[in-house]
Amino acid sequence: MLSLGILAFRWVSLAWIVVLALTAGSLRRPALAAATVAVVAVWTGWLTVARPRPTWPVLAGDLALGVALNLVAGLVMPAGTVGERPYFAGGYPVAAAVTWGAARGVGGGVVAGLVLGASLVAGQLANGIDLASSEPAVLLDLAGGTLNFVLAGGAVGLVARLLERSAGQLRRATEETIRARERAARLAERESLARQIHDSVLQALALVHKRGRELAADGPVPPGQVAGLAEMAAGQERALRSLILREPEGEPTPAGAASLRAALESLATAERLLPVTVGATGALWLPAGHVEELTAAVRQALDNVVEHAGATRAAVFAEEDAGGVVVTVRDDGRGFSYDERRLLAEGKIGLAKSIKGRVEQLGGTMAVTSRPGAGTEVELRVPARKDQRDH
Amino acid sequence: MVVDDHPVWRDGVRTDLEASGRVEVVAEAADGGEAIERAREAMPELVLMDLNLPTVPGVEAIRRIVEESPHVKVLVLSASAEEADVLEAVKVGASGYLLKSATAAELVDAVVRVRAGEPAFSPSLAALVLGEFRRMSGTSEPGLTARETEVLRLVAKGYTYKEIADQLFLSTKTVQNHVQNILTKLQLSRRYELMRYAIRRGLDRT
């Protein structure tokens, strides 16, 4: 809004300069006057079309133009008339002071105002006015002009900062509201999930209860039926456990992040073919995409263990390390001698390669340690993303 | 002694333990307050307890039981791995922690080992403890030595004490000592915490 207002002011000032140049009639150096009007028109047009950000080069150019206008006014207006009649420069240099104030605050506005004030003095000298022998009224006029520039720049700087601050407050309040809404949505989702799971747990319990009594009454129990009951109970236990682990209590989820521990724990609970323990040094909040990729990599590693290792158990361990994260998947299986090149030649490395690919996509590395008879350890190391650490 | 508020679960645990022929259940309790009383009367070698208990919470019951009879070992058997609770239980004197989904054989094994003075660190507990020490590093808390950290990390990766001993060229007994020292440091850190708290309160009052 502020910058649109300044643009409008520029165009009005430019129009005023043109009107003045055409009506004054008695301008000295008409060519210089025409060239100056052209430069101001081009600059204003560019600012309007390109809407450049107020970088230092843009600000410097604008201030230079304001200074030049004050000087040219002195050169093109009839000698000794600058103080009495409206400036050839019009209000245009004020736009520079105001722009500096808007972009760089009170300090910027005041500095630009002082520079423009100094160029006023230069303009007077160029107009052939002998300041040393001038009347006090002329000098006061000059000081007043300088003060106008400084006040305009400083005041706009103040307003701009106030606007920025309230915009920041508004943004923070909005973010807060969005977060609160997200929390509420998560809670609602959790509740509906809890209801579903409670329902199925109750059903399973009722069935275990009923079938248990029937089996007990029937005398000797076929093992298959007991195993069926146990599997049903285990399934419900897994569902309940993953619900509990979905979100660690008391810890709010950082925006866009997920807990690696929670993801690994649900993965381990869902693994039916192998007992898997999960250890983590904390919740390990990472960007949600990282958690997804790492969990997928660990799932593949576990699949590999189930298929090839002949292990009785596996352990997944995740820890923070220099802001990054290290995940280890270890099994107590038969192990093998890991030689990437040989395995590659024998075409046996498909899965390991896919795990490696996932980790490398995150800028990480994979290392495999294994010896025949001593199990296998797969280490996935992913560095912290710089932009994640910076805020 | 078995402490749990679900009678069916208590029965199941008692059956599992006694069927092994290596453990005798001398008492049962259904809540925290009862656990403190029964432990005083029955003088068990080991208390196997849930953390989620009525009347007195599990962690507080453990603290009181260990305070009254320091030789009693406590093994936590809990349904959910609530990080804060488990760490707090270990800090007040529990020697180990087991998930309720552990098999009967694992349960008996852990009970026998803890009774013999061997801390039962599950991989997940080892990871939690490692994280706790990492958070405490930089404070005045007693930290872990490089060797202790190494041992703890291997436990977290699921290695048995025997496997760790082989890998680090140590005796199994030395590895156990390291784990015991880690536990002692963790319990010490809580005492420091309490002391600092007391000092702060005392200073505030003057």
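Residue numbers restart at each chain and count upward from 1, following the sequence in its written direction. All chains are assigned letters beginning with A, and all ligands numbers beginning with 1, in the order in which they are written. With pLDDT at 70 or above as the cut-off, local features in this predicted model cover only qualifying residues; side-chain atom pairs require 80 or more to be listed or tallied, and sums for whole chains, interfaces and linings still use all residues.

Student: Sorry if this is basic, but what is going on with the overall build of chain A here?
Tutor: Put simply, DSSP H or I for four residues or longer makes a helix, DSSP E for two residues or longer makes a strand, and each gets a number counted from the N terminus. A tally of regular secondary structure across chain A gives 11 helices and seven strands. Here exposure depends only on C-beta density: within 10 Å of a residue's C-beta, 20 or more other C-beta atoms make it buried, 12 or fewer make it exposed, and intermediate numbers make it partly exposed, the C-beta atoms being placed from the backbone. Sorting the 391 residues of chain A into buried and exposed places 32% on the buried side. Restricting the contact set of chain A to residue pairs at least 6 apart, pairs at least 24 apart contribute 72%. This entry defines residue contacts through backbone-placed C-beta atoms, with two residues in contact when those atoms are within 7 Å.

Student: So what exactly am I meant to see when it comes to the overall build of chain B here?
Tutor: Within chain B, the regular secondary structure consists of nine helices and five strands. Its helices and strands taken in sequence order, chain B reads β-α-β-α-β-α-β-α-β-α-α-α-α-α from the N to the C terminus. A burial count over chain B gives 39% of its 206 residues as buried. For chain B, the proportion of contacts with a sequence separation of at least 24, taken over those separated by at least 6, is 61%.

Student: Honestly, the interface of chain A and chain B in this entry has me stumped. Any pointers?
Tutor: Accessible area lost upon the coming together of the parts serves often as the stated size of an interface. Counting residues at the interface gives 14 residues for chain A, matched by 13 residues for chain B. Elements that contribute at least two residues to the side of chain A that touches chain B include exactly helix H6 (223-245), strand E2 (276-280), strand E4 (314-321) and strand E5 (324-331) of chain A. Element by element, the count of residues in the side of chain A that touches chain B is highest for E2(A), at four residues. Note that Gly is not counted as nonpolar here; it falls among the polar residues with everything else outside the nonpolar set of Ala, Val, Leu, Ile, Met, Phe, Trp, Tyr, Cys and Pro and the charged set of Asp, Glu, Lys and Arg. Class assignment for the residues of the side of chain A that touches chain B results in five nonpolar, five polar and four charged.

Student: Is there a simple way to explain helix H4 (residues 92-126) of chain A in this structure?
Tutor: Since the α-helix turns once every 3.6 residues, residues separated by three or four places project in the same direction. Residue and element names in this part refer to chain A. Every helix has an expected span of 1.5 Å times one less than the residues it contains. Between its terminal C-alpha atoms H4 stretches only 19 Å, short of the 51 Å expected from 35 residues at 1.5 Å a residue. Of all the bends found along H4, the most pronounced is centred on Arg104 and spans about 150 degrees. Of all the 35 residues making up H4, 25 are buried; the element is thus mostly covered by neighbouring parts of the structure. At the exit of H4 stands Gly128, carrying a positive phi of roughly 85 degrees. Fitting axes to the seven residues that end at a residue and to the seven that start at it, the angle between those axes gives the bend at that residue.

Student: For this particular structure, what's the right way to read the pairing of E4(A)?
Tutor: Residues and elements named next belong to chain A. Burial analysis of E4 places six of its eight residues in the buried class, which makes it a mostly covered element. For two strands to be treated as a pair, DSSP must find at least two bridges joining them. Of the strand pairs in this sheet, E2 and E4 are connected by five bridges, and their pairing is parallel. In the sheet register, Ala280 faces E4, and the bridge partner there is Ala318. Between the antiparallel neighbours E4 and E5 lie two residues, among them Ala322 with a positive phi of about 50 degrees.

Student: Quick question: what am I supposed to make of the sheet that holds strand E1 (residues 2-3) of chain B here?
Tutor: Backbone hydrogen bonds are what pair the strands of a sheet, in a parallel or an antiparallel way. Residue and element names in this part refer to chain B. Overall, parallel pairing links the five strands, which are arranged E2-E1-E3-E4-E5 in an open sheet. Sheet topology places strand E2 (28-29) and strand E5 (96-99) at the edges, where each strand pairs with a single neighbour. Sheet analysis places E1 next to strand E3 (residues 46-49), joined by two bridges and oriented parallel. The residue bridging Val3 from the neighbouring strand is Met49, located in E3.

Student: What am I meant to see in the sheet that holds E5(A) here?
Tutor: Taken in spatial order, the five strands line up as E2-E4-E5-E7-E6 (chain A) in an open sheet, and their pairing is mixed. Both outer strands of the open sheet, E2 and strand E6 (365-370) of chain A, are each paired with one neighbouring strand and no more. For this sheet, the mean angle separating the axes of adjacent strands, direction not counted, is 15 degrees. Taken together, the six bridges between E6(A) and strand E7 (residues 376-382) of chain A define a ladder with antiparallel strand orientation. The residue bridging A:Val368 from the neighbouring strand is A:Val378, located in E7(A). Sheet strands in contact with helix H7 (residues 260-270) of chain A are E2, E4 and E5 of chain A, and its direction is about 175 degrees off that of E2(A). Axes here mean lines fitted to C-alpha atoms, for a helix over just the part in contact, with angles spanning 0 to 180 degrees between N-to-C directions. Sitting on the sheet, helix H6 (residues 123-136) of chain B touches E2 and E4 of chain A, and the angle it makes with E2(A) is about 5 degrees.

Student: What's the story with unusual backbone geometry in this structure? I'm lost.
Tutor: Trans peptide bonds make up most of the peptide bonds, and negative phi angles are found at most residues other than glycine. All names here are of chain A. Here the phi dihedral of Arg29 falls at roughly 45 degrees; this positive angle occurs in a residue that is not glycine. Positive phi is not limited to glycine here, since Arg51 has a value of about 45 degrees. Secondary-structure assignment places Arg51 in the loop between helix H2 (30-50) and helix H3 (56-76). By C-beta crowding, Arg51 is classed as exposed, having 10 other C-beta atoms within 10 Å.

Student: Where do I start with the environment of B:Lys157 in this structure?
Tutor: Relative to the helices and strands, B:Lys157 resides in the loop between helix H7 (146-156) and helix H8 (161-168). Distance in space between the C-alpha atoms of B:Lys157 and B:Ala126 is 8.8 Å, their sequence separation being 31 residues. In contact with B:Lys157, other than residues within four places in its own chain, are A:Ala315, A:Phe317, A:Thr328, A:Arg330 and B:Pro123.

Student: What should I look at first to understand the environment of A:Leu158 in this one?
Tutor: Tracing the chain through its elements places A:Leu158 in helix H5 (residues 136-217). Sequence spacing of A:Leu158 and A:Gly107 is 51 residues, and the spatial spacing of their C-alpha atoms is 9.2 Å.

Student: How should I be thinking about the nonpolar core in this particular structure?
Tutor: Here is a general trend for soluble globular proteins: nonpolar side chains tend to be buried in one another's company. Buried Ala, Val, Leu, Ile, Met, Phe, Trp, Tyr and Cys residues whose C-beta atoms connect them within 7 Å together make up a nonpolar core. In this structure, A:Val316, B:Leu48, B:Leu75 and B:Val76 are the most contacted members of the largest nonpolar core, which totals 92 residues. Take this core: its biggest share by element is eight residues, from helix H8 (residues 288-309) of chain A. Apart from the residues lying within four places of it in its own chain, the contact partners of B:Leu48 are B:Met1, B:Val2, B:Val3, B:Val13, B:Leu75, B:Leu77 and B:Val111. Core analysis: the second largest hydrophobic core is formed by 34 residues, A:Ala33, A:Tyr92, A:Ala97 and A:Leu142 among them.

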